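Observations on the model geometry
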Amino acid sequence: MTLQQLSPDLKSLAAQGKQQSFKKGALIFKDGDKGDALYILLEGRVRAYGSAISGKEITYGYVVAGEYFGELTLDGGSRSANCEALEPCLCAVVSNAQLEAFMQEHPRFGTEMLHTVIRRARQSTDNARSIALMDVYSRLKRAIEKITPEINKGINVTHSDLAADVGASREMVSKLLKDLEVGGYVKMQNRNLSRLKALPERW
């Protein structure tokens with residue numbers, strides 16, 4: 001994606017930022033860092049996640065080209081998540097001062113950003129609810145159906161990725177995936193996951 005392909009307001013804002021590249025696997029920022037900039041993703045894909053001292057991770061969400069992330073530090077607070085590049089990424093990095101000035105000049109963008117914050121908050125609430133109220137299989141089923149909306153169309157994903165998505169151990173997710181493979185529901189080959197038919201409601 002180029003600057004020209006962004007929405008008009010986001011294109012104007014991105015043009016004020018400094019472009020920065022990140023290699024696949026790079027940590028763009030980590031939980032607790034001082035937040036002083038908004039990142040507009042021009043190329044690549046980013047994962048926002050939390051982690052524990054034990055090494056266990058939980059995925060909060062993903063950002064794709066044409067979207068932005070890091071907006072929650074406008075209040076001067078620290079970062080509340082880790083963000084890593086899942087593939088080579090190019091970002092336009094806009095300082096908080098630039099962002100605040102831009103929103104004063106373009107109030108419509110401020111409203112759009114508020115809608116984005118609300119949508120992401122709802123997503124986080126939904127994820128927290130599912131972890132608290134749904135069993136591991138139900139969460140895995142929902143994650144698989146979300147990332148493979150079409151039958152027999154594969155997507156590159158690892159067992160660890162899915163474990164982080166559903167908030168469960170890699171061992172538990174691997175066991176469930178193996179059982180689903182034996183049952184003919186999914187196929188996992190060379191990190192490529194395909195859903196072969198509708199998943200059962202219960203397992």
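Up top is the structure.
Described in the following lines is the structure provided in the data block. No experiment lies behind these values; they were computed from the predicted model shown. (Residues numbered from 1 in each chain as written. Predicted model: local features only at pLDDT ≥ 70, side-chain atom pairs only at ≥ 80, totals over all residues. Heavy atoms only, no water.)

1. A word on the layout of surface pockets
Empty space within the largest pocket amounts to approximately 820 Å³. The wall of the largest pocket is formed by 30 residues, among which Arg45, Thr59, Tyr62, Ile147 and Asp165 lie closest to the centre. Counting only elements with at least two residues in the lining of the largest pocket, the list comes to β5 (57–64), β7 (82–85), α3 (107–133), α4 (136–147), β9 (155–156) and α5 (159–166). Its residues assigned to classes, the lining of the largest pocket shows 11 nonpolar, eight polar and 11 charged. A volume near 590 Å³ is recorded for the second largest pocket. Lining the second largest pocket are 24 residues; nearest its centre among them are Ala48, Tyr60, Glu71, Leu72 and Arg120. For the lining of the second largest pocket, the secondary-structure elements that each account for two or more residues are β4 (45–51), β5 and α3. Here the lining of the second largest pocket gets six residues from one element, more than from any other, and that element is α3. Here the lining of the second largest pocket is built from residues that sort into 12 nonpolar, six polar and six charged. (1 Å grid on protein atoms, 1.4 Å probe; cavity = no way out; pocket = protein on both sides within 12 Å on 5 of 7 lines; lining within 4 Å. Points joined across faces, edges and corners; volume = space filled by probe spheres on them. Helix = DSSP H or I, 4+ residues; strand = E, 2+ residues; numbered from the N terminus. Nonpolar A, V, L, I, M, F, W, Y, C, P; charged D, E, K, R; others polar.)

2. Some thoughts on the sheet that holds strand β11 (residues 192–195)
Taken in spatial order, the three strands make up an open sheet running β9-β11-β10, and their pairing is antiparallel. Lying at the two open borders of the sheet, with one neighbouring strand each, are β9 and β10 (186–189). Of the pairings in the sheet, the one linking β9 to β11 comprises two bridges and is antiparallel in character. Note that in β11 the partner of Asn156 across the bridge is Asn192. With respect to the sheet, helix α6 (residues 170–182) is in contact with β10 and β11, its orientation differing from that of β10 by roughly 115°. (Pairing = 2+ DSSP bridges. Contact = heavy atoms within 4.5 Å. Axes fitted to C-alpha atoms, helices over the stretch in contact; angles between N-to-C directions.)

3. A closer look at the sheet that holds strand β1 (residues 18–22)
Reading across from one edge, β1-β8-β3-β6 is the order of the four strands in this open sheet, with antiparallel pairing throughout. The open sheet is flanked by β1 and β6 (68–69), the only strands paired with a single partner. Where β1 meets strand β8 (residues 89–95), five bridges bridge the pair, whose relative direction is antiparallel. Within β8, the position partnered with Gln19 by the bridge is Ala92. On top of the sheet, helix α1 (residues 8–16) reaches β1, β3 (37–43), β6 and β8; it is set at about 110° to β3, its chief contact.

4. Overview of α6
If you check α6, its first and last C-alpha atoms are 18 Å apart, about what 13 residues at 1.5 Å a residue would give, namely 18 Å. Along α6, the residues that are buried comprise Val173, Ser174, Leu176, Leu177 and Leu180. The arc that holds every buried residue of α6, seen down its axis, measures 165°, which confines them to one face. Seen from the open side of α6, the exposed residues pointing more than 90 degrees away from its buried face are Glu171, Lys175, Lys178 and Val182. (Expected span 1.5 Å × (residues − 1). Buried < 20%, exposed > 50% of the residue type's maximum accessible area, 1.4 Å probe, protein only. Arc of directions from axis to C-beta.)

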